[in-house]
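Examination of the molecular architecture
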Amino acid sequence: VVYEQEGVFIHSSCRKNDDQDSLISGVLRVIEKENEVIVDWRPLDDTLDTSNILCAGKDSSSVVEWTQTPKEKCSRGADRPSSYEAEWDMVTTVSFKKKPHSNGDATTHANGESKWSFLFSLTDLKSIKQNKEGMAWSYLVFCLKDDVKLPALHFHHGDSKLLIKCLEKHVVLSESPQDKRILLVNSQNKSLSQSFENLFDEPSYGLLQKLKKDPYTVTMGRFSKVTNYIFDSFRLSDPSSQRRPPSEMADFLNDAIPELKINQQEEPGFEVITRIDLGKQPDVSRREPVLAEEWAKNMDSEGRILNVDYIKRSIFKGGLCHTLRKEAWKFLLGYFPWNSTKEERASLQKRKTDEYFRMKLQWKSVSEEQEKRNSRLRDYRSLIEKDVNRTDRTNKFYEGEDNPGLILLHDILMTYCMYDFDLGYVQGMSDLLSPVLYVMENEVDAFWCFVSYMEQMHQNFEEQMQGMKTQLIQLSTLLRLLDSGFCSYLESQDSGYLYFCFRWLLIRFKREFSFQDILRLWEVMWTELPCQNFHLLLCCAILESEKQQIMDKHYGFNEILKHINELSMKIDVENILRKAEAISIQMMNCKELPQAVSEILGIESSSVTPDSDTGEDESGAVLSCLTSSYQSVSTPVTAANGTRDSTEQMSETQSLTPA
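Note that this is a predicted model, so its numbers are computed, not measured.

Quick notes on the overall build of the protein
Looking only at helices and strands, the protein features 25 helices and 11 strands. When contacts within the protein are restricted to residue pairs at least 6 apart in sequence, long-range pairs at least 24 apart make up 68% of them. Carbon and sulfur atoms make up 47% of the accessible area of the protein, which totals about 32600 Å².

Following this line, the structure appears as structure tokens:
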């Protein structure tokens, strides 16, 4: 049994009302046999007392209201405990009573099995129809190759994504062009995929599968080892053990993120980005961090920020002193509205505290026996514990095995799984939370700031990795405009897909800079200045800084991966911020900026076009408006010299406020 899920219902006719369905609860299993895979559903009991079945009343909006059958309208709430756990029960438990004789719908056949039981082989499966978005629960309808449609299976106690994920290990599923709700079974593609996999020996296939299933682990921490391990594991089987060519290695990496298409400018529908003179990069200076006094002066008597644009520009140009981060980050991340008063923020925190503890109590009240039956929650906990245990201990806040910071890190991540159970926990999220918790020193504030941050980052962690694909494509577009020669060199070394930037994008440079530097880098990015996707320009800045060494030393595929990985903790954050800002000014001042680039940076497409022939004055006016929005900081600006404000250095011990 490779998959098992209770609480999967069939809605059969109740025969009491035309607008009601009776619910037959069953167990769904996927079973691997010697030469086939079986999908099997059967009721919990072969004979059911239909008077004890809850009915789902339907209306035109597909919103489901739970009602009891007329025979069972007695009060069920009198004996329920009045506690947070009872208040937050998501599904009422339904117990089915055995009955010697039943005249209900779930009649039994002579062989003792319910007429609703079914099983089929995956080789007979033609398609799977999914529910519409916004329904109370998910359901699936299996259609077999002989056009037999099986009863719809309703997943009341969890969604159907885990089942789909399980089936995808055995068959290839693709969306129907006519209806995105329908997944077609494509056995031919699976055969081709199997032939591809059989080209390699077992160790190679194992690594490829690991790269597909968990690119985070492969790219985190051990990337320098992976670069050599990839080549070593894909050796030919002959005695000479010659290595496979780098071009083949790039194909393996490409297969880890399917559907990623980069450098296809000559294909139909792609804009051809020709070499454009961007001019010289301007010299850019940075200012000192914003101090508490400057922040306080920009706040009225009720606690409103007077000039939001000025504050954002100042933070972009210099960051924040550490004592101010605990308050300012809540605004930057969207937890506090910029126009809120101090009283409104206190009221918001009170509501959010109650909401947080209600969610926390949900997973805290789950018993070991319950967790054994909930594979998703069990998997989330296992991944969280693994990630928390490998948290960067160089920071005093997380030092030691039983450190309260580590305990809160675990609790916040578990609570986030209750907040967004569909996404749940994916490896790498702890990297995004640990600096936030370090700054907030408070469980509730850290949680809601993390929720806001995940709203920006969630696409990086979705199963289809669409966010990562989009960012790698956009990065390639920007880099090609900035330095087409360097792009061509990377392509010649089978590195045009920019996989070595995967870790940078996935967790926003968390593993590339020191803990203190990442605080500065993130708060600058959170201002959303000077343009959209500034983090991609940071990638361009780092790559441009390393271009000469990569090209002069003729680095190949393996050497590029290794070199980029070894930059970790060696990058000057202030220098890279200056360089990225200079690139943004350089691109926004370009009068012939390609349409694709203007869209990535969020520049008005009507003003900047691929073949714009507007006059110099008009273009200059448009672009000066864009650049002036973050350059006009009225306080003195000094060139950054890599130093930090004296308040930046934290004391070795911090006060921790468990909520």
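So, the nonpolar core
In terms of nonpolar packing, the biggest core is built from 123 residues, with F509 and M587 touching the most fellow members. Sort the elements by how many residues they give to this core and helix α16 (residues 443-461) lands first, with 11 residues. When residues of this core are assigned to domains, at least three map to each of domain 2 (248-316 + 464-603) and domain 3 (320-460). Other than its neighbours up to four places away in sequence, M587 contacts L478, L481, L482, L537, L593, V597 and L601. Listed in part, the 29 residues of the second largest apolar core include I10, V30, W41 and L122.

Examining the environment of E168
Relative to the helices and strands, E168 resides in the loop between α2 (161-167) and β10 (173-175). Taking the relative accessible area as the measure of exposure, E168 reaches 33% and is therefore partly exposed. E168 sits 17 residues away from V185 along the chain, and the two C-alpha atoms are 9.4 Å apart.

Let's talk about the pattern of salt bridges
Applying the stated rule across the entire model yields 27 salt bridges. Of the charged contacts in the structure, one is a salt bridge between E369 and K372, with a shortest N-O distance of 3.4 Å. Remark: K372 and E369 occur in helix α12 (residues 368-372); sequence separation between them is 3 residues, near one turn of the helix. Overall, the relative accessible area of 54% leaves K372 in the exposed class. Ionic pairing is found between D431 and K510, a salt bridge with its closest N-O pair at 4.0 Å. Placement of D431 in helix α15 (residues 429-440) and of K510 in the loop between α19 (502-506) and α20 (515-526) is noted, with a sequence separation of 79 residues between them. Assigned by exposure class, D431 and K510 land together as buried. In this structure, a network of salt bridges that share partners links the residues R286, R325, R520, E523 and E574.

Definitions and limits used
- Residues numbered from 1 in each chain as written.
- Predicted model: local features only at pLDDT ≥ 70, side-chain atom pairs only at ≥ 80, totals over all residues.
- Heavy atoms only, no water.
- Helix = DSSP H or I, 4+ residues; strand = E, 2+ residues; numbered from the N terminus.
- Contact = heavy atoms within 4.5 Å.
- Areas by Shrake-Rupley, 256 points an atom, 1.4 Å probe, with all protein chains shown as cover.
- Core = buried A, V, L, I, M, F, W, Y, C linked by side-chain atoms within 4.5 Å.
- Buried < 20%, exposed > 50% of the residue type's maximum accessible area, 1.4 Å probe, protein only.
- Domains from an automatic or database assignment.
- Salt bridge = Lys/Arg side-chain N within 4 Å of Asp/Glu carboxyl O.

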